[in-house]
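Commentary on secondary and tertiary structure
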Amino acid sequence: MDAGEIVLNVVFYALAAAAVGGAVAVATSRNIVRSAFALLAVLFSAAALYALMKADFIAAAQVLIYVGGILVLIIFAVMLTHRITDVKLSNDSTPGPAAFCACLCLLFSLVVVILFTAKWERKPQEIRAIAAGTEVFLSQYQADGSTGLERGGSAFEDTVVIAVRVDRPLQKVELVEVVAEQGDKEKDKDKYKKVTAKAVFDPGVTRITLENLAEGEWRWKATLKGSDGDSEVSPPAGKADFVVYRGITEPVAMALAGPYLFAFEVVSVLLLAALVGAAFLARKEVREA
Amino acid sequence: MTVIALASAPWGLEITGLPVLDAFLCIFTVCFMLINFIAVYAGVSTLMERKIAAHMQARVGPYRVGPHGALQWAADALKLMIKEDIIAKETDHFLFRLSPYVVFAGSFACWVALPYMPGWSPANFNIGILYLLAVSSAVVIGILMAGWSSGSKWALFGAMRSAAQIVSYEVPIGLTLLGMLLIYGTLDMQQISMAQEHGLPFGVMGDIQGGLWSWGINRYGPITFIAFLIYYIGALAETNRTPFDIPEAESELVAGYHTEYSGMRFSFFFLSEYANMFVVSAIATTFFLGGWLPPFPTLHAAICSIVGAVALGGLAYGFKKRGFDGTVGVMIGSGLGVLYSVVTGPHGDVHEFGFLAPAGIGRMIEGVFWFSGKCFALIFLMIWLRWTLPRYRVDQLMDLCWKKLTPLAFVNLVLIGVLETRSEWMKLIMDKLKAGGP
C-alpha cells in the first residue's frame, strides 16, 4: 500500500465516521433543531463519499437536493412550529429492547442482502484470443489499474489500462504495443484520433497504459512484438471496446433519458401528486355561503 | 488492502514525488492564496462601497487613513480582529460558534470553481455550475444556524426571512441558468466561456469572432437579455443586497441574523457576503458576458470601438444638458465599432499579446483582466443599486419572485428551447442543401 492509498483510506474512514457520528447525533439529540443540523453532517459526508467514488454528478445532486432543498425545508418546518426558541420535545422515548432488536434485524438482513447480491469482483472478464497459436487473455481496467472496465463500459478518466496475459508464449515476445482508435480513418478524417502505448513484455501479465484519451468511443488492438515476428490480437468486433467520459453527467443523462425514462417520469408524477396533496392540505377552507 | 480505488494527482506538478501528497500540497497552496485574496478583496470592496456611497450622496467618505482614505479597509480589518468576542448567555454555544464557518465555507467553496482565465480554474470541474449551485446552499443552512443559535428574536426573524428569500429566488435563477445551459450544452464553466467566442446573434455567421455580439447575453437578442436581468435580480436577492435586504433591515431587525455576533465571528459573515457578491457576478459574467473573453476580439475591432466610443461619447457630452447620457454614447459607439469590424472581417488576432509576454501567459493575463473587470463592473452595479433603490417589503418580494420572475423565467426557458431546436433544424436544412437539394 503506497502513500496515496493510505491518505485516501484515512479520508474515507474520516468521512464514514462523520456520516455515522452525524446519524447517531440525529437519533439521540434531545433538541430537534440540533438533530436537523446534525443531518447536515450526514448529508455532506455522504456527498463527499460519492465524490471519492468519482460520482461527481451524484455528489453535487446530493448536496443540491438534500442540503439545499430538503434540509432547509425540514429546519424551516421545525422553526415555523410553536415555541421555536425552546424546542425540547424530540426523542423523549428511549429505545426499548424491541426497537433495538428490530434495528439489529434490519441491519443484519441488509448486510446479508448486500453480501449475496453485490458484485465484489473488481477484475474484469478476460477475453480469450489466439495469436500465432498461443492463447492470449485481454482485459481492460480503469485509470488506476485496480478496478475492472467491462467491455463496452464507461471509463471516467482519460486514462485506461490494458492488460495482456500470456501464460505459455510459443514465440519470443519482447514488446507489447497497443493502438487505440476513435472514429473512422477513411470516412471522417477530422474526427479520427489515435493513441499508441507500449510496454516491455512481462511473462505473466503485461500492463499498458493508454493516456490522453479523448471523449467518445474507442476500439483497440494489441500487437505482440518479438524477434520472430509480430502477431496481432484484438477484442472481438463490436460497437466499442470502451467509452471515455469526462465525469458521469453524460452517462447519467443518457440513462435517465433512455432506458430509465419511464421510471423517471413515474417518479415525477409521484412528486406532482405529493405537491397537489400538500396544496390541498394547506389551502384555506372555502365555505359555501 | 485497498478500500477505494482512486487515481493519482490530477495536477501535473511534482513537488515531493508522491502523487497524492503533491495534490494535497497544491490544494492547500491554492486555498491559502484564495482565502487571502478573498480577505483583501472583501476589504477593498467595503472601501469601494463606502466611497461610492459617499460620492453618490455628495460626501467624501473615509478620508483619514492613507491617501484619500485608501487604507481604511486595513484599519477596519485590524479593528475587527482585536475586538472582543462576545457570546451571549442564551445562545446555543456549539452552533453559535460553528455557523460563521459554515457560511464562510459555503461561499469560499464556490471560489475554487470559477473560470478566472483561459484553461485554468483552481479546480476544473466537469460539473462546474451544478457544483456552484450545490455548495452555495451551505450558506442558507449556516444563516439558519446563526439565527436560531443566537437565542434572539431579531436574529431568528432575520434568518427565516433570509432563508425564505434565498430558497424562493433559487427557482428563477435555476430556470434562467437552465435555459442558458440549453444553448451551451455543457456544465463546465471553462467550456461555457469558450462557447461564446464565435457567432453572431440568432446563429448568423456561425464561425466569426463576434466579440461582445457573440456573448451569451446577445445570443438570442432580447430573450437572453431578459434571462440576464432575471438572473441578476435573483442574484441580488440571493446575496441579501438592497433592494432585497429585508433579512438585515436595520430599521426593523437591528442587523438580522448576525445581530448577536461581534469581532472576528461577525467579520466572517461580512467576508461571506462580499465573497458571495463576487461569486454571483462571476456566474453572470461566465454565462452572459463571455467570461474571460475580450469584448473586442481583434486589434481592428478594439481600435474601431475606442474611436467610435470616444467620438460618440464626446458628442454625447455636448448634448448632456439636453438629457443625453455620455455612457449611452460610449456603449453605442463601442457596439458600432465591433459591428463595423465584424462586417469588414477579421484583421489580425489580438488574443495573444505577443509583444507583452510569452503567448500563453499573455492570454492568461488578458483573461484575468477581462474576467475580473466584468465581475467588478457587476459588483459596482450592485453597489449603485444599493444606494439608489429603497427596500422591498416581504410580501412584495415574494410577489415579485413567484408571480413575475418565475413565470417569466419559464417562458424564457421554453423560447430558448424552441430557438435552439430551430437552429438544429437550420443545420439539418443547410446540410441537405449542401448535399444537393432536398
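Here's a quick rundown of the structure.

The rules behind these values
- Residues numbered from 1 in each chain as written.
- Chains lettered and ligands numbered in written order.
- Predicted model: local features only at pLDDT ≥ 70, side-chain atom pairs only at ≥ 80, totals over all residues.
- Heavy atoms only, no water.
- Helix = DSSP H or I, 4+ residues; strand = E, 2+ residues; numbered from the N terminus.
- Buried < 20%, exposed > 50% of the residue type's maximum accessible area, 1.4 Å probe, protein only.
- Contact = heavy atoms within 4.5 Å.
- Areas by Shrake-Rupley, 256 points an atom, 1.4 Å probe, with all protein chains shown as cover.
- Patch = residues over 30% accessible without salt bridge, like charges linked within 9 Å, V, L, I, M, F, W, Y side chains within 5 Å.
- Salt bridge = Lys/Arg side-chain N within 4 Å of Asp/Glu carboxyl O.
- Lys, Arg positive; Asp, Glu negative; His and termini not counted.
- Charge placed at Lys NZ, Arg CZ, Asp CG, Glu CD.
- Axes fitted to C-alpha atoms, helices over the stretch in contact; angles between N-to-C directions.
- Left-handed = near helix turned anticlockwise from the far one by under 90°.
- Nonpolar A, V, L, I, M, F, W, Y, C, P; charged D, E, K, R; others polar.
- Parallel < 35°, antiparallel > 145°, perpendicular 65-115°, else oblique.
- 1 Å grid on protein atoms, 1.4 Å probe; cavity = no way out; pocket = protein on both sides within 12 Å on 5 of 7 lines; lining within 4 Å.
- Points joined across faces, edges and corners; volume = space filled by probe spheres on them.
- Pairing = 2+ DSSP bridges.
- Buried area = accessible area lost by both parts, 1.4 Å probe.
- Polar contact = N/O pair within 3.5 Å; in protein donor to acceptor, adjacent residues only side chain to side chain.

This brings us to the overall build of chain A. Scanning chain A for helices and strands turns up 6 helices and 10 strands. Looking at chain A residue by residue over its 289 residues, the buried ones come to 34%. The contacts in chain A between residues at least 6 apart in sequence include a share of 61% that link residues at least 24 apart. By element, 65% of the accessible surface of chain A is carried by carbon and sulfur atoms, the whole surface being about 18100 Å².

Right, let's get into a negative patch on the surface. Together, D184, E186, D188 and D190 of chain A make up a negatively charged patch on the protein surface. Note on placement: D188 of chain A falls in the loop between β5 (175-182) and β6 (193-200).

Attention now moves to the packing of helix α6 (residues 153-184) of chain B against helix α10 (residues 263-288) of chain B. Residue and element names in this part refer to chain B. Where α6 meets α10, the axes come as close as 11 Å, and the angle between the chain directions of the two elements is 35°. Crossing handedness for the pair α6 and α10: left-handed. Note on element contacts: α10 touches α6 through I283, F287 and F288, opposite L177, M180, L181 and Y184. Grouping the constituent residues of the contact of α6 with α10 by class yields 7 nonpolar, no polar and no charged.

Residue and element names in this part refer to chain B. Across the interface, α6 lies against helix α14 (residues 394-434) with an axial gap of 8 Å and an inter-helix angle of 10°. As far as their axial angle goes, α14 and α6 are roughly parallel. For α6 against α14, the interelement crossing comes out left-handed. Among the residues making up the contact of α6 with α14, the classes are represented as 20 nonpolar, 6 polar and 2 charged.

Take empty space enclosed by the protein next. Residue and element names in this part refer to chain B. Counting across every chain of the model gives 6 cavities of 30 Å³ or more. Empty space within the largest cavity amounts to approximately 190 Å³. Forming the walls of the largest cavity are 17 residues, and the residues nearest its centre are S136, E238, N276, V279 and V280. Contributions of two or more residues to the lining of the largest cavity are made by α4 (128-135), α5 (137-149), α6, α8 (221-238) and α10. Estimates place the volume of the second largest cavity at around 100 Å³. Taken together, 13 residues line the second largest cavity, and the ones lying closest to its centre are I143, N240, Y257, E273 and N276.

Residues and elements named next belong to chain B. Inspection of every chain in the model, using the stated rule, returns 10 salt bridges over all chains. Here E49 ties to R241 by a salt bridge, and the two come within 2.9 Å at their closest N and O atoms. Placement of the pair is E49 in helix α1 (residues 19-56) and R241 in the loop between α8 and α9 (250-253), with a sequence separation of 192 residues. We note that E49, like R241, is buried. Of the charged contacts in the structure, one is a salt bridge between D85 and R265, with a shortest N-O distance of 3.1 Å. One end of the pair, D85, is in the loop between α2 (72-82) and α3 (93-111); the other, R265, is in helix α10, with 180 residues separating them in the sequence.

Here we take up the pairing of strand β7 (residues 205-210) of chain A. Residue and element names in this part refer to chain A. Going residue by residue along β7, you find T206, I208 and L210 tucked away on one face and V205, R207 and T209 left uncovered on the opposite face. When strand β4 (residues 160-166) meets β7, the two strands line up antiparallel, connected through 6 bridges. Within β7, the residue paired with A163 across the bridge is R207.

This brings us to the interface of chain A and chain B. Of the residues lining the interface, 41 residues belong to chain A; the matching set on chain B comes to 37 residues. Overall, the association of chain A and chain B removes approximately 3500 Å² of surface from exposure, summing both partners, and the carbon and sulfur fraction of that is 75%. The largest contributions to the chain A side of the interface with chain B come from F37, M79 and R246 of chain A, which together make up 17% of the buried area. At the boundary of chain A with chain B, the tally comes to 1 salt bridge. D92 of chain B serves as the salt-bridge partner of R34 of chain A, at 2.5 Å between the closest nitrogen and oxygen. On the surface where chain A and chain B come into contact, there are 1 residue pair in polar contact (both at pLDDT 80 or more). In terms of residues, the side of chain A that touches chain B owes the most to one element, helix α3 (residues 56-80) of chain A, which gives 13 residues.

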